[in-house]
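# Summary of structural features
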Amino acid sequence: MLKKIDCFEFDKLVSESEGEVFVDFSAEWCSPCQKMEPILREISESNTVYQVDIDEEKDLAMENEVVSIPCIVLFRDGKEANRIIGLCKKQDILDLKNE
């Protein structure tokens, strides 16, 4: 299951984390975001994945320079390591870890 987080949880769960964390910046009204959800659920079975609703967390989206959604960001030890924007395949997301 994907955990939806807010700005306070983001600091603790992402910014202060060790290891790799995927964050899906999305919105409920976004059709490509909805199509990505099953893929992200599958990825979350073996990876840490959080969701941020950009409508509810506008400041957090701006701080992370999210200009288009879906935007999946890989954080490594609390810092952005890579990102992918738009509808993509599971392997494209997992490949962020290797780039």
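What you see is a predicted model, and the numbers here were worked out from it, not measured in a lab.

### What about the overall build of the protein chain?
Secondary structure summary: the protein chain contains four helices and five strands in total. The secondary structure elements of the protein chain, listed N-terminal to C-terminal, are β-α-β-α-β-α-β-β-α. Against the compact-globule benchmark of 13 Å for 99 residues, the protein chain has a radius of gyration of 12 Å, which places it among compact chains. Along the first, second and third principal axes, the C-alpha set of the protein chain runs to 30 × 30 × 25 Å. The buried share of the protein chain, taken over its 99 residues, is 45%.

### As for the sheet that holds strand S3 (residues 49-53)
One open sheet holds the five strands; their spatial order is S1-S3-S2-S4-S5, and the pairing between them is mixed. In this open sheet, the two strands that pair with only one neighbour each are strand S1 (3-4) and strand S5 (79-85). In terms of strand pairing, strand S4 (residues 71-76) meets S5 through six bridges, oriented antiparallel. Residue pairing in the sheet places Ile 72 in a bridge with Ile 84 of S5. Sitting on the sheet, helix H1 (residues 7-15) is in contact with S1, strand S2 (20-26), S3 and S4, with an inclination near 145° to S2.

### Considerations on helix H2 (residues 31-43)
Between its first and last C-alpha, H2 extends 19 Å over 13 residues, near the 18 Å set by a 1.5 Å rise per residue. Bending of H2 peaks at approximately 35° at the position of Glu 37, with proline Pro 38 no more than four residues after it. Along H2, the positions that sit buried rather than exposed are Cys 33, Met 36, Leu 40 and Ile 43. Residues of H2 that are buried make contact with S2, S3, S4 and helix H4 (90-95).

Conventions we followed
Residues numbered from 1 in each chain as written. Predicted model: local features only at pLDDT ≥ 70, side-chain atom pairs only at ≥ 80, totals over all residues. Heavy atoms only, no water. Helix = DSSP H or I, 4+ residues; strand = E, 2+ residues; numbered from the N terminus. Rg over C-alpha atoms; globule rule 2.2 N^0.38 Å. Buried < 20%, exposed > 50% of the residue type's maximum accessible area, 1.4 Å probe, protein only. Pairing = 2+ DSSP bridges. Contact = heavy atoms within 4.5 Å. Axes fitted to C-alpha atoms, helices over the stretch in contact; angles between N-to-C directions. Expected span 1.5 Å × (residues − 1). Bend = angle between axes of the 7 residues up to and from the residue.

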